[in-house]
Amino acid sequence: MSRYAEPMARLIEELKKLPGVGTKSAQRYAFHLLRSSDEDASALAEAVRGLKASLRLCSICNNVTDVDPCAYCASPTRNQRLVCVVEEPTSIAAVERARGAQGSYQGVYHVLHGTLSPLHGVGPEQLRASGLVSRVERGDVDEVILATSPTLEGEATASWLATALRGFPVKVTRIATGVPAGSDIEYADEVTMARALEGRRDV
Ligand SMILES: [Zn+2]
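Now for a look at the structure at hand. All figures in this text were calculated on a predicted structure; none of them were measured in a lab. (Residues numbered from 1 in each chain as written. Predicted model: local features only at pLDDT ≥ 70, side-chain atom pairs only at ≥ 80, totals over all residues. Heavy atoms only, no water.)

This brings us to the sheet that holds strand β6 (residues 171-174). Taken in spatial order, the five strands make up an open sheet running β4-β3-β5-β6-β7, and their pairing is mixed. Looking along the sheet, the strands with just one partner apiece sit at the ends: β4 (107-111) and β7 (201-202). As paired elements, strand β3 (residues 79-86) and strand β5 (residues 143-146) share four bridges and run parallel to each other. Paired with Val-83 across the two strands is Val-144, which belongs to β5. Strands β3 and β4 of the sheet are contacted by helix α5 (residues 89-97), whose axis makes an angle of about 155° with β4. (Pairing = 2+ DSSP bridges. Helix = DSSP H or I, 4+ residues; strand = E, 2+ residues; numbered from the N terminus. Contact = heavy atoms within 4.5 Å. Axes fitted to C-alpha atoms, helices over the stretch in contact; angles between N-to-C directions.)

With distances of 2.3 to 2.4 Å, the protein atoms coordinating the zinc ion are Cys-58 (SG), Cys-61 (SG), Cys-70 (SG) and Cys-73 (SG). Its four donor atoms give the zinc ion angles of 103 to 116° at the centre, a pattern that matches the tetrahedral case. Between consecutive donors of the zinc ion, the numbers of intervening residues give the motif C-x2-C-x8-C-x2-C. One end of the pair, Cys-58, is in the loop between β1 (56-57) and β2 (64-65); the other, Cys-73, is in helix α4 (residues 71-74), and 15 residues separate them in sequence. By the burial criterion, Cys-58 is buried, and Cys-73 matches it. (Donors = N, O, S within 2.8 Å, 3.2 Å for Na, K, Ca; no water. Tetrahedral: all angles 85-135°; square planar, octahedral: opposite > 155°, others 65-115°. Buried < 20%, exposed > 50% of the residue type's maximum accessible area, 1.4 Å probe, protein only.)

Using the criterion set out here, one finds three aromatic pairs in the structure. Among the aromatic residues, ring-to-ring pairing joins Tyr-72, Tyr-105 and Tyr-109 into one connected group. (Phe/Tyr/Trp six-rings, centres within 6.5 Å; stacked < 30°, edge-to-face > 60°.)

This next bit is on unusual backbone geometry. Here the bond from Asp-68 into Pro-69 is cis, since omega is 0°, no more than 30 degrees from zero. The residue Pro-69 is located in the loop between β2 and α4 in this model. One non-glycine residue, Asn-62, lies in positive phi territory at about 75°. Note that Asn-62 resides in the loop between β1 and β2. Notably, His-113 is not glycine yet its phi reads approximately 60°, a positive angle. Tracing the backbone through its elements, the reader meets His-113 in the loop between β4 and α6 (130-137). In this structure His-113 comes out as partly exposed when scored by relative accessible area, which is 24%.

As structure tokens, this is what we get:
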């Protein structure tokens, strides 16, 4: 079926599973690895193995971490009672980059690992929201900032969470739409993200 020797064909097949990698790129990477030193190839293989072996989700906020609780949840200098809810671990970087008039974000996070998407069969039970609700129920949180993206799914998720948290003595806010509607907050620049955070409003 393949013109390549089995080990090469296998590597190409695995590389093609990566986002944005088509057949041509996969072949280029595979041949690059074939030409690279044993050390470089082993280092890559070891890094991939280590990723799965040593990384886990933080038991408090669901962030991807090698220590539990993660660095944010364990930080004595961050406001542990201010929780910013994001869709993916990668969204944290966008919030961390935000630099506004009030400085950088000093609170902690809760990662949902997705958004509600009835069209794709993703309901509330598929989101990792229970940890957040427990934190709020215990009275550990003063404010929950809903920083899901201003997409259809992100808005649906934010309003579902706002409803789920209603009735608890916690302030629930939604980031302002400084982030362009329909875009992913992951790609917001630092000023836009800072404005979105500072302009948040009660929901
Ligand atoms: Zn954490």
